[in-house]
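# An overview of the molecular structure
Below are the chains, spelled out letter by letter.
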Amino acid sequence: MLKIFYLVLSFFISSACFAQTIELVTLQYPPYEYQGESEGEVKGIVVDIIEEVFERLDVPINIKILPWARAIRYIEEGQADAIFTAFKNPAREQFADFSREILMPQTISLFVRADSKIKYDGNLASLSNYTIGGVNSVSYGTTWDQAVKDGVITKLQLSNSGEQNMKKLLAERLPIIVSNKYGAYDIAGKMNQLVDIRELKPALQSVPSYIAFSKKRNLSRLRDKFDTVLREMKLDGSYEHIINAYLEQSVELYPHHAQISESASR
């Protein structure tokens, strides 16, 4: 009888915790997540998916856009509940419980100006003499991270956002930037300079990204519930529907985004 009492008590405590507003942090990373026109408004493909999951869970959320390094620190120190869209690596797994379900697959590529003479055959060592721009504290997948760790890539110039990097590239202050493929296309498109950039082929890597919950907030149960709902959304078609709804609004302006739907359903 006492065991049943504690089980019921545990259920109500858990439910009460989930009823509290969950504080989520992310970065300015269009088209996945970005600041809307009104103050405090956050939009994007992944934001729509996140909001649908938590609505089904009946858990209120608040999303804040921060510089990525600060967002990561908030999760490590327990100042926020969860972060997205985060790449998984051993260092981050020390302080964050990552979802088991992939939130959004992302293709990582290198970009140059359209008139650049830079050539690339897939060997990062061939670019070692160039300064490459990236975003501070952002992981670009194991291929890139290992190249930096091994000293293959040494000339790095880090900014606080993808927009800053793109402006430097277009202003000829950087010869190359590394970026999420569709994020770079989105940023350049909104600047009306899509024709002024060129993606170096082949892409670096296709990397899964996740939502990750701060271990200091003890939210592994909520992580499990998030996984269950996200899996259901992929099965019932609503996950793909959210992506397609965005594509219908943007594909005419940014035709490169048409490949997102195919990647996201893998």
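Shown above is the structure to which this text applies.
This write-up is about the structure you can find in this document. Bear in mind that the values here come from a model prediction, so they are computed numbers and not experimental data. (Residues numbered from 1 in each chain as written. Predicted model: local features only at pLDDT ≥ 70, side-chain atom pairs only at ≥ 80, totals over all residues. Heavy atoms only, no water.)

Let us look at the nonpolar core. Note that soluble globular proteins tend to have their nonpolar side chains buried in a common cluster. Counting 69 residues, the largest nonpolar core has Leu110 and Ile211 as its most contacted members. If near-sequence neighbours (up to four positions away) are discounted, leucine 110 is found in contact with Tyr120, Leu124, Leu127, Ile132, Trp144, Ile176, Ile177, Val178, Arg198, Glu199, Leu200 and Leu204. Core analysis: the second largest hydrophobic core is formed by 12 residues, Leu169, Leu170, Tyr185 and Ile197 among them. (Core = buried A, V, L, I, M, F, W, Y, C linked by side-chain atoms within 4.5 Å. Buried < 20%, exposed > 50% of the residue type's maximum accessible area, 1.4 Å probe, protein only. Contact = heavy atoms within 4.5 Å.)

What follows covers the packing of helix α6 (residues 162-170) against helix α7 (residues 181-190). Running from N to C, α6 and α7 point in directions that differ by 65°, and their axes come no closer than 10 Å. The orientation of α6 relative to α7 falls into the category roughly perpendicular. In this structure, the crossing between α6 and α7 has a hand that is right-handed. Touching Gly162, Glu163 and Met166 of α6 are Ala184, Ile187 and Ala188, all from α7. A breakdown of the residues in the contact of α6 with α7 according to their chemical character gives four nonpolar, one polar and one charged. (Axes fitted to C-alpha atoms, helices over the stretch in contact; angles between N-to-C directions. Helix = DSSP H or I, 4+ residues; strand = E, 2+ residues; numbered from the N terminus. Parallel < 35°, antiparallel > 145°, perpendicular 65-115°, else oblique. Left-handed = near helix turned anticlockwise from the far one by under 90°. Nonpolar A, V, L, I, M, F, W, Y, C, P; charged D, E, K, R; others polar.)

Its volume calculated, the second largest pocket comes out at about 230 Å³. For the second largest pocket, the full set of lining residues is Ile72, Asn89, Pro90, Ala91, Arg92, Ser137, Val138, Ser139, Thr142, Asp145, Gln146 and Lys149. Every element with two or more residues in the lining of the second largest pocket is listed here: α4 (90-93) and α5 (142-149). Looking at the lining of the second largest pocket element by element, the count peaks at four residues for α5. Of the residues in the lining of the second largest pocket, the class split is four nonpolar, five polar and three charged. (1 Å grid on protein atoms, 1.4 Å probe; cavity = no way out; pocket = protein on both sides within 12 Å on 5 of 7 lines; lining within 4 Å. Points joined across faces, edges and corners; volume = space filled by probe spheres on them.)

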